[in-house]
Amino acid sequence: MTIADPATSPDPNAETAELELLSFHVGDHEYSVDIMAVREIRGWTRATSLPHAPPYVRGVINLRGAVLPVVDLALRLGLDVEEPTDRNVIIVVDIGGRTVGLRVDAVSDILSFPRNALQAPPEMSADRDHAFIQALTILEGRMIRILDLGAVLPGDTDVAA
Amino acid sequence: MSLEVLAVDDSRTMRDMLRLTLNDAGFTSHLAEDGQHGLEVLAEIAPDVIITDINMPRLDGFGFIDAVRAQDSYRTLPILVLTTESSAELKARARDAGATGWIVKPFDPEKLVRALQIVAG
Amino acid sequence: MSDPMQEIRASFFVECEELLEGLNDGLQAMDDGDRDAETINVCFRAVHSIKGGAGAFGLDQLVAFAHVFETAMDAVRDGKLEVTPEILALFFQCGDLLYDLVRLARDDQELEEDRLAPVVEQLEALVETEEEAEEAVDFKPMTLSLDLPGLAPLDAGDGEGDGAAGDEARGENAGEGDGTGPFEITFTPLPDLYTSGNEPLFLLRALAALGTAQTRCSWDTTPPLAEYSSATSLLTWQITLETDSDEAAIREVFDFVDGLCTLTITRGAGAPDPSGSAPKPDMANDEPAPPASGPGSTPPPPAPVPDTPPAATAGAAPLASPVPAAPEPEASAPKPEPKPAPAPAPKSAAPAPKPAAQPKAEAKPAAANATVRVDLDRIDRLVNLVGELVINQAMLAQSVAAADLGGNGAIASGLDEFQQLTRDIQDSVMMIRAQPVKSLFQRMGRIVRESASGVGKSVRLTTEGEATEIDKTVIERLSDPLTHMIRNAVDHGLEDADTRVAAGKPAQGNVTLTASHRSGRVVIEISDDGGGINRKRVQEKAEEKGLIPPDQALSDSEIDNLLFLPGFSTASEISILSGRGVGMDVVKTAIATLGGRITIASEPGAGTTFSISLPLTLAVLDGMVVRVGSETLVVPLSAISETLSLRAGDNRAIGPHTQVVQVRETFVPLIDLGTELGYSTPRQNYEGAIVLLIAQEDGSRAALVVDAIEDQRQVVIKGLEESYGHVPGVAAATILGDGQIALILDPSDLLANASGLSRATPKLAEIA
């Protein structure tokens, strides 16, 4: 998987083009997503749970009249999970025409990188969340993980189960 | 020259195209969907020329022309028939029925306008 | 500005559907024995109109086929060809092909010629036996481009050889002296020219527009005054025309008066001879002047000048401008008298407003309802907005209740009215999306014809209730399931002719398709008068396929419902028709996603009826709001037959996982919703539990245990499939008054997944 994925790269030719990321915390970790995929950020509201759904699907919420599925990122990434609180937020992202909410602990920053500062995650990584990381970069000594949104979403097999 | 034209055709598509052509040429168009309807419209307007289809429900083109020609005021009103056949036989029939001229469907807008000008100025 | 031609094109295809519907109706009527001349005429006209429109858009294949079809129908119309069942069958087939051609043409595609050729051959054979010499097909499709280059009046452009006149340029002495000089045209109207409505002046003007014309008029032939009559020829015009146009263009001008005048056209090589042959009143002009302009040039009085003098018409500017719409009766007073030539035309003189005939005219025919074509997106937006309104109203009602303002009569009654209004608006909006099922039923007519001929059976389709309206989307999504069921009915439902006759039935089988409204739902029934379901065989087959344990005692209805099990119909028994690898399970799922239910009734020897019960609209639902664990759910009211509170001993365990509830004399399986949906652990004691008794149209029942019943009301359906996917046992979602999302249960799906019968089999819901 190369870094120039359509989901994160509006212009794959421009290696030096700035990439803007929204970073947020899930548990003790910091992740980020391409800001172009973010529709809005909203406070946590109780989700209506869906029967037979995978555990990381918190359920659905009412987003101005639309039914929005919410994925608990901590559960999805296999991290320690606390029950959602009012301080949590839902990042509403759009991936390939599907709109999904991601529950995270808190939004932290908007980061800007040249695209060529990104590097692919090392293949040796044995962590469970490896599959969800599209790229890595270092900013002021912090490691920033860029989420592969396509992998985070409930897949078709999950949904149909 | 702005002509006032009554166009009678049972096909909505044809009426739409007639209207578009006539209006584009700066004419005023009145549309009717069969002969019977054409006579009703004719009772309310005084067109400079009539265009009519032949095969229509209720009252066909020939019957319509007859009825129009039967009115004194329209004895010599130019009437063009719309026909899909351009055979000499059909033209003769059209003329026998009292038509002034004919337009072969599908019509070329320019030709239609020209034909109207030939018969109505 | 949107392209008007594109709009007309789109409208043409809409008209085609209507015309095809009319064609089908007409053919059906003829099939029913109707031999009224107007019936075949309607059919003929439908095809003729399709041809006409198709020609304008250059849809050659459609034009060509419509032409052959039309020619055959013309022979029937003229009585040259007698209507036989064979011919009708062929015409039906042609109608089907025409339908395909239209559909394809809309997408700029064509049908494979192999599919047309045999039918065209048959059509042509029909006509050839009639007509000694086939009339030359001179129908030439001509594609329109409405990029009218300015449409300069009478700008004849360069030589137009394809004109009607050009085709038959057979003037008296065509092109004598084919030089490059000016044309010399001699034009003598015959008396009939005037009565035909042609006007020499306009002809001359049209001619003059081709170039530079010198016109001389002579009345050598003018008879003595005493002999004046409209039947007398009076004038001869001689025109010298310098033009870039060719002779065909000139002849085109005179096309309409061909035979009504004597016309000679010659072309000189040298310079024009302006002096001519000294005609008496010389009216040499670049353009023939209108009669009124010169005393000497006035056309002879008896010749009735057909219309307003051009100059006067030109002056009547208000004609082109919009006219007040008020249809004042007196407005028609100064109306069409004979327009005496030189006198001011009545209409230009009359200041009285004319009735605006155009809009009125279009709306006039009493037969047709006035309609407006609206983009479906706009309606859907309205539907969504009304949905929001309904939710909003519910939220407001809830807030009022929470604020404990119920005691205020004005607020309470205001809210009631608001609710009523909201419902009325919602109903009205839903009606906009409703369409009669007629088009759907007509398509099934074709399926019957095709599948009957595929299996060599004679089948008649009877339809009833075609005017019944349902939501457009429902109609669209019914097409596939209905097609499958109709094929099944023809293929499996009906016996072959010999068996039928042996059973004392007519050889021709009957399939009936009916639509009707029944208690707020639409019911569509597909019946055949065949042999009925062979229940023994069905059970055996289900056993063979391992769908059910062997030797179970099953009720008739349980056996019938085996047909809906996935895997029941398999490749081994897929015939050419009902094949395509789909079974009734897919049909059932498709119906279920429309909020519908399907049931079977079958009587051995008499036939089978499938009933589909559908909601009128997909957008709202009357539901019971219940609480299960910490979740709020909505159960469709239509599925609930009663609600109970369980007493001790009402429920019995019949297995480790199966409980039943005794309801009067029967036992009903108990489904603990909390457990079933994973919201809570099974309760130990059902005493006092609240139970919703669910009754399905197929007779299956279940008792759903809930924690509380909270409300009963209409909810707006929000799809879950698009945003998330299918959730077993859940039909959709809705938004409650507090803004929370509640799931709407799908009782039939829930039962199918929970009942013992389906546990051994794949879940139905997954097939979709």
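Keep in mind it's a predicted model, so treat the numbers as computed, not measured.

Caption draft 1: A look at the overall build of chain A. A tally of regular secondary structure across chain A gives three helices and 10 strands. Moving toward the C terminus, one meets the helices and strands of chain A in the order β-β-β-β-β-α-β-β-β-β-β-α-α. Every one of the 161 residues in chain A was classed for burial, and the buried ones make up 36%. Residue pairs at least 24 apart in sequence account for 59% of intrachain contacts in chain A once pairs closer than 6 positions are excluded.

Caption draft 2: Inspection of the overall build of chain B at higher detail. Helices and strands together make up the secondary structure of chain B, namely five helices and five strands. When its helices and strands are written in sequence order, chain B yields β-α-β-α-β-α-β-α-β-α. Scored against the burial criterion, the 121 residues of chain B give a buried share of 73%. Within chain B, contacts between residues at least 6 apart in sequence are counted, and of these 56% link residues at least 24 apart.

Caption draft 3: Up close: the interface of chain A and chain C. Listed by partner, the interface residues are 16 residues for chain A and 22 residues for chain C. The set of elements that each furnish at least two residues to the side of chain A that touches chain C consists of strand E4 (57-63), strand E5 (66-72) and helix H3 (156-160) of chain A. No other element matches E5 of chain A, which puts four residues into the side of chain A that touches chain C. Looking at side-chain class alone, the side of chain A that touches chain C contains 10 nonpolar, six polar and no charged residues.

Caption draft 4: Summary view of the confidence of the model for chain A. Scored by pLDDT, chain A comes out at a mean of 79, with 80% of its residues at no less than 70. For the stretch residues 1-12 of chain A, pLDDT sits under 50, and the model shows 18 contacts to residues farther than four places along the chain or on other chains.

Caption draft 5: Region of the structure containing the sheet that holds strand E16 (residues 651-653) of chain C. Residues and elements named next belong to chain C. Spatial strand order, E15-E19-E20-E18-E17-E16: six strands in an open sheet with mixed pairing. A single partner strand is all that each edge strand has here, and the edge strands are strand E15 (640-645) and E16. Between one strand and the next, the sheet's axes are offset by a mean angle of 35 degrees, whatever the strand orientation. Bridge count for strand E18 (residues 666-672) against strand E20 (residues 701-706) is three bridges, and the pairing is parallel. What sits directly across from Asp672, in E20, is Val705.

Caption draft 6: Highlighting the pairing of strand E17 (residues 659-663) of chain C. All names here are of chain C. Pairing between E16 and E17: three bridges, direction antiparallel. Paired with Arg652 across the bridge in E17 is Val660. Count of turn residues in the E16/E17 antiparallel hairpin: five residues. Where E17 meets E18, four bridges bridge the pair, whose relative direction is antiparallel. Residue pairing across strands places Val660 opposite Pro669, the latter belonging to E18.

Caption draft 7: The arrangement of helix H2 (residues 37-56) of chain C in detail. Residues and elements named next belong to chain C. Taking 1.5 Å per residue, 20 residues should reach 28 Å; H2 reaches 29 Å between its end C-alpha atoms and fits that length. A large share of H2 lies buried, amounting to 15 of its 20 residues. At the exit of H2 stands Gly58, carrying a positive phi of roughly 70 degrees.

Caption draft 8: Quick peek at the packing of helix H3 (residues 60-77) of chain C against helix H4 (residues 85-106) of chain C. All names here are of chain C. One way to put it is that H3 packs onto H4 with a least axis distance of 10 Å and a crossing angle of 165 degrees. When the interaxial angle is binned, H3 and H4 end up roughly antiparallel. For the pair H3 and H4, the crossing hand works out as left-handed. Packed against H3, whose contacting residues are Gln61, Leu62, Phe65, Ala66 and Phe69, the element H4 presents Cys94, Leu97, Leu98, Leu101, Val102 and Ala105 at the interface. Considered class by class, the residues forming the contact of H3 with H4 number 10 nonpolar, one polar and no charged.

Caption draft 9: Inspection of the sheet that holds strand E7 (residues 98-104) of chain A at higher detail. Residue and element names in this part refer to chain A. Reading across from one edge, E3-E6-E7-E5-E4 is the order of the five strands in this open sheet, with mixed pairing throughout. Looking at the sheet topology across the chains shown, the edges are occupied by strand E3 (38-43) and E4. Each strand of the sheet is rotated relative to its neighbour by a mean of 30 degrees, with strand direction disregarded. Examined bridge by bridge, strand E6 (residues 89-95) and E7 share seven bridges and lie antiparallel to one another. Directly across from Asp94, in E7, lies its bridge partner Thr99.

Caption draft 10: Representation of helix H5 (residues 113-128) of chain C within the structure. Residues and elements named next belong to chain C. Between its first and last C-alpha, H5 extends 21 Å over 16 residues, near the 22 Å set by a 1.5 Å rise per residue. Among the residues of H5, those classed as buried are Leu116, Leu123 and Leu126. Summarising the axial view, the buried residues of H5 lie within an arc of 85 degrees, below the 170-degree limit, and thus occupy one face. Along H5, the residues that are exposed and aim more than 90 degrees away from the buried face are Glu113, Asp114, Ala117, Pro118, Glu121, Ala125 and Glu128.

Caption draft 11: Summary view of the packing of helix H5 (residues 109-120) of chain B against helix H8 (residues 200-208) of chain C. Look at H5 of chain B against H8 of chain C: their axes get within 6 Å of each other, and the N-to-C directions meet at 135 degrees. On the basis of their axis angle, the class for H5 of chain B and H8 of chain C is oblique. The segment H5 of chain B lies against H8 of chain C, with Gln117, Ile118, Val119 and Ala120 of chain B engaging Phe202, Leu203 and Ala206 of chain C. By residue class, the composition of the contact of H5 of chain B with H8 of chain C is six nonpolar, one polar and no charged.

Caption draft 12: Structural detail: the environment of Gly678 of chain C. Note on placement: Gly678 of chain C falls in the loop between helix H21 (673-676) and strand E19 (690-695). The class for Gly678 of chain C is partly exposed, based on 13 C-beta atoms found within 10 Å. As for Gly678 of chain C and Gly629 of chain C, which are separated by 49 residues in sequence, their C-alpha atoms are 9.6 Å apart. In this structure Gly678 of chain C touches Pro51 and His52 of chain A, once residues within four positions along its chain are discounted.

Caption draft 13: A look at the confidence of the model for chain B. All names here are of chain B. Taken over all residues, the pLDDT of chain B has a mean of 86, while the share at 70 or more is 97%. For chain B, the element scoring lowest by mean pLDDT is helix H4 (residues 88-96), at 76; strand E1 (residues 4-8) scores highest, at 93. What the predictor reports for the complex is a pTM of 0.52 with an ipTM of 0.83.

Caption draft 14: Region of interest: unusual backbone geometry. Within the chain, His52 of chain A stands out as a residue other than glycine whose phi angle is a positive 65 degrees. Take His52 of chain A: it is sitting in the loop between E3 and E4. Of note, Asp108 of chain C is a non-glycine position whose phi angle comes to about 60 degrees, a positive value. Its place among the elements puts Asp108 of chain C in the loop between H4 and H5.

Caption draft 15: Local environment of the pairing of E1 of chain B. Residues and elements named next belong to chain B. By the criterion of burial, E1 is predominantly enclosed, with five of the five residues buried. Residues of E1 alternate between two faces, with Glu4, Leu6 and Val8 on one and Val5 and Ala7 on the opposite face, all of them buried. Of the pairings in the sheet, the one linking E1 to strand E2 (residues 28-32) comprises five bridges and is parallel in character. Within E2, the residue paired with Val5 across the bridge is Ser29. In this fold, E1 hands off to helix H1 (residues 12-24), which returns the chain to E2; that crossover is right-handed.

What counts as what
Residues numbered from 1 in each chain as written. Chains lettered and ligands numbered in written order. Predicted model: local features only at pLDDT ≥ 70, side-chain atom pairs only at ≥ 80, totals over all residues. Helix = DSSP H or I, 4+ residues; strand = E, 2+ residues; numbered from the N terminus. Buried ≥ 20, exposed ≤ 12 C-beta atoms within 10 Å, placed from the backbone. Contact = placed C-beta atoms within 7 Å. Nonpolar A, V, L, I, M, F, W, Y, C, P; charged D, E, K, R; others polar. pLDDT = per-residue confidence, 0-100. Pairing = 2+ DSSP bridges. Axes fitted to C-alpha atoms, helices over the stretch in contact; angles between N-to-C directions. Expected span 1.5 Å × (residues − 1). Parallel < 35°, antiparallel > 145°, perpendicular 65-115°, else oblique. Left-handed = near helix turned anticlockwise from the far one by under 90°. Arc of directions from axis to C-beta. Right-handed = clockwise from strand over helix to strand, strands pointing away.

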